[in-house]
Amino acid sequence: MANIKVSVNLNKCVGSQLCMMFSPSVFDKDENRQARVYNPEGADLTELLGTAEQCPQCAIKVENTDTGEVLFPPPELAF
Ligand code: SF4
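Residues numbered from 1 in each chain as written. Predicted model: local features only at pLDDT ≥ 70, side-chain atom pairs only at ≥ 80, totals over all residues.

Draft legend 1. Geometry of the sheet that holds strand β1 (residues 4-8). Reading across the sheet, the three strands line up as β1-β4-β5 and stay open at both edges, with antiparallel pairing between neighbours. Edge strands, defined here as strands with exactly one partner in the open sheet, are β1 and β5 (69-72). Between one strand axis and the next, the sheet turns through 30 degrees on average, direction left out of account. Alignment of β1 against strand β4 (residues 60-64), held across five bridges, turns out to be antiparallel. When the bridges of β4 are listed, S7 appears paired with K61. Across the sheet, helix α2 (residues 45-54) is in contact with β1, β4 and β5; its angle to β4 comes to roughly 150 degrees. (Pairing = 2+ DSSP bridges. Helix = DSSP H or I, 4+ residues; strand = E, 2+ residues; numbered from the N terminus. Axes fitted to C-alpha atoms, helices over the stretch in contact; angles between N-to-C directions. Contact = placed C-beta atoms within 7 Å.)

This is how it looks when you write it as structure tokens:
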């Protein structure tokens, strides 16, 4: 399986907590109530991509670190 990196753009995250609902094993909130990736291996790629798509701010980035490919967001929504 590919090595996957998940990150949150804190300049975009508004703390809606949707990612924490959809992938509670990956995300929780930091002291500012924004999303924090505490366990990047807490979900499979399908779940991660589905959760990233639900973020209203498009603040979640999913990358394949083996190839450098950005799996989400698509280029037109990239941060
Ligand atoms: S769903 Fe998006 S905006 Fe909401 S807390 Fe998660 S990263 Fe932030």
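Draft legend 2. Broad picture of the environment of V70. Relative to the helices and strands, V70 resides in strand β5. You can call V70 partly exposed: it has 14 C-beta atoms within 10 Å. Taking the C-alpha atoms as reference points, V70 and L49, 21 residues apart in sequence, are found 11 Å from one another. Beyond its immediate sequence surroundings of up to four residues, V70 is in contact with K61, E63 and A78. (Buried ≥ 20, exposed ≤ 12 C-beta atoms within 10 Å, placed from the backbone.)

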